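Listed here are the chains, written in short residue letters.
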Amino acid sequence: MKGGVKADKDREMDAAEVLALEAIRQVPRAIGLADRDPAGRTYGCADRYFWHYKFHDFPNARFQETSELFARAFLFRHPSNPFAGKEHVRDWAIAAVRFWERMARSDGSFDEAYPYERSFCATAFSAMHAVKTLLLLSEKPSSNLRTVGQWLAFHDSPDTANQRSASAAALALIGVIEGSDMFGRSAGRRAAALWEEQTRLGYFNEYGGKDIGYTSITLSALAVYAAASGDAESAARIKSAVTELSTSIRPDGRYDYGDQSRATRFLYPFALARAGDAALSNVARGVTEDSILKPSWMDDRYMIPFAVDYLRCVGP
Amino acid sequence: MTPIRLVLFRLFLIFWGWIPPVGVWLHKILVSLFVKRSRSPYGASSRFYTPEDLT
C-alpha cells in the first residue's frame, strides 16, 4: 500500500517497504550475535553473551528468534536487501532453529532468565518464531514439537495478553507443522479466551492495565495465529481492534507514552499492515524521521522480535 | 487410610503435579529470594530512548 513516505529521492517507497528495509539494516547485527561455525558445539546459538563472551552460563531462548529474522531476510526480494537468496542466511536460520530445539527442557519449556525457569513468555515467543521459520523455509522439525505444544496448551499467563497471544500463534503453527488438530483446537481456545477478556475489559490486559505497545504485540501475534489457523472471526476482530488502536497513533507515528501499564514506547506494526490500516504510513514516517522507537534503538534482546515484526509487513 | 495407601496416594498426587516434590518448592523459594527479575517483569521493555527524553 502506498504510504506517501519519501525515503528515496527517486521514488516513493510504500510504508511496508520502509519498515522492511529498516529491519534488513539490523540483520548484520543479528548475524554477529550468532555462532556460525558449523563445527562448533554451539552452532546456531544467537546468544553471543553465552557462546562467545561466556558472560552468561546458559543461553536465553529468546535470542533464537533470529531464526525468523534470517528466514525473512533470505526470502525478501528487494534490490536493497543483500541477504535475499543467500544460502548461508538460510543455513543460519535453520541452525538457529536446531539449536532452539536442543534447548528445550524435557517438559517442552524453555528458559530465559535462569535455569529451569520454565518461562511461558520464552516458550511461547521462541516457539512461534522457530516453527514459523520451519514453515517459511519448508523444513521439518528435528525434534518432537508436540511436547512444546503440550506444555503451552497446559500452561497459561493470564496477566499478559501478549504472551497468551504468542502461545495461541505457537500452538496453531505447531498444529500445522505436526499435522495435529489437537494443537489447533488449543490455539482456538486460547484465542477465544483472549477475545472474551478483551471484550469484558475493553482492552488487552497487561498486568492489570492497558498498554498500547504490548497491545500491538498481541495483535501481531493474533494475526500470525489467524493466518495459521484460518480463524476468520479472529481476523475480523483483529481488524476492529487495529482500527481502534490506530486512532491513538499520531501522524508522526508516536502515541501518548504516559499512562501505559508497562511504560512502553514501541509499536509493532504487522497487524496494521495485515489490516491494511493507513496508520502504517504514520509508523513508517516515524521511522524515517527518527521520531519513534525503532529496532535499531533497542538492545539485542528486544531488537530481534521487533525487526521480525517489521519484516512481516512485506510477507509472506 | 493405611500408611502404605497414604504413601501411594501421595505418590499419585506428586505424579499428577498436585503436590510438587520438595525440590520444586525449594527451587521456587530460591528463585524468589535470589532472582530479582522474577519479582519485576512489568517494565522489562521500558526505558528505551525516544526523542521525548531530550525535552
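Small disclaimer: the values here were computed from a predicted structure and weren't measured. (Residues numbered from 1 in each chain as written. Chains lettered and ligands numbered in written order. Predicted model: local features only at pLDDT ≥ 70, side-chain atom pairs only at ≥ 80, totals over all residues. Heavy atoms only, no water.)

A. Up close: the overall build of chain B. When you go through chain B residue by residue, the secondary structure sums to two helices and zero strands. Counting over 55 residues, chain B shows a buried share of 15%. When the accessible surface of chain B is totalled, it reaches about 4700 Å², and 72% of it is carbon and sulfur. (Helix = DSSP H or I, 4+ residues; strand = E, 2+ residues; numbered from the N terminus. Buried < 20%, exposed > 50% of the residue type's maximum accessible area, 1.4 Å probe, protein only. Areas by Shrake-Rupley, 256 points an atom, 1.4 Å probe, with all protein chains shown as cover.)

B. Summary view of the interface of chain B and chain A. Chain B puts 18 residues into the contact, and the matching count from chain A is 22 residues. When chain B packs against chain A, the two sides together hide about 1600 Å² of surface, and 59% of this comes from carbon and sulfur. Looking only at chain B, the three residues that lose the most surface to chain A are B:Tyr42, B:Ser45 and B:Phe48, adding up to 35% of its buried area. The residue A:Arg265 makes a salt bridge to B:Asp53 at a minimum N-O spacing of 2.9 Å. Here the residues of the side of chain B that touches chain A are counted per class, giving eight nonpolar, six polar and four charged. (Contact = heavy atoms within 4.5 Å. Buried area = accessible area lost by both parts, 1.4 Å probe. Salt bridge = Lys/Arg side-chain N within 4 Å of Asp/Glu carboxyl O. Nonpolar A, V, L, I, M, F, W, Y, C, P; charged D, E, K, R; others polar.)

C. Highlighting the pattern of salt bridges. Residue and element names in this part refer to chain A. Evaluated as defined, the whole model comprises 23 salt bridges over all chains. The salt bridge involving Arg98 is made with Glu101; its shortest N-O contact spans 3.0 Å. One end of the pair, Arg98, and the other, Glu101, are both in helix α5 (residues 87-103), three residues apart, so they sit about a helical turn from each other. Of the two residues examined, Arg98 and Glu101, each falls in the buried class. A salt bridge links Glu233 to Arg237; the nearest nitrogen and oxygen atoms lie 3.9 Å apart. Here the residue Glu233 and the residue Arg237 both occupy positions in helix α11 (residues 232-246), the gap between them amounting to four residues, near one helical turn. Residues joined by salt bridges that share partners form a network here, namely Glu68, Arg72, Asp309 and Arg312.

D. Geometry of empty space enclosed by the protein. Residue and element names in this part refer to chain A. Scanning the entire structure with this criterion turns up one cavity of 30 Å³ or more. Here the largest cavity defines a volume of roughly 30 Å³. Taken together, Ala34, Asp35, Arg36, Tyr43, Gly44, Phe70, Trp92, Ala95 and Ala96 form the lining of the largest cavity. Split into classes, the residues belonging to the lining of the largest cavity amount to six nonpolar, one polar and two charged. (1 Å grid on protein atoms, 1.4 Å probe; cavity = no way out; pocket = protein on both sides within 12 Å on 5 of 7 lines; lining within 4 Å. Points joined across faces, edges and corners; volume = space filled by probe spheres on them.)

E. Structural context of the packing of helix α9 (residues 181-201) of chain A against α11(A). All names here are of chain A. Two elements in contact, α9 and α11, have axes whose closest approach is 12 Å; the angle formed by their N-to-C orientations is 35°. Read as a crossing pair, α9 and α11 show a hand that is left-handed. Contact with α9, carried on its side by Ala191, Trp195, Gln198 and Thr199, involves Ser234, Arg237, Ile238 and Ala241 of α11 and no other residues of that element. The residue makeup of the contact of α9 with α11, split by class, is four nonpolar, three polar and one charged. (Axes fitted to C-alpha atoms, helices over the stretch in contact; angles between N-to-C directions. Left-handed = near helix turned anticlockwise from the far one by under 90°.)

F. Spatial organisation of the environment of A:Asn205. Residue and element names in this part refer to chain A. Relative to the helices and strands, Asn205 resides in the loop between α9 and α10 (212-229). In this structure, the C-alpha to C-alpha distance between Asn205 and Asp159, residues 46 residues apart in sequence, is 6.4 Å. From its side chain, Asn205 meets the backbone nitrogen of Gly208 in a polar contact 2.8 Å long. (Polar contact = N/O pair within 3.5 Å; in protein donor to acceptor, adjacent residues only side chain to side chain.)

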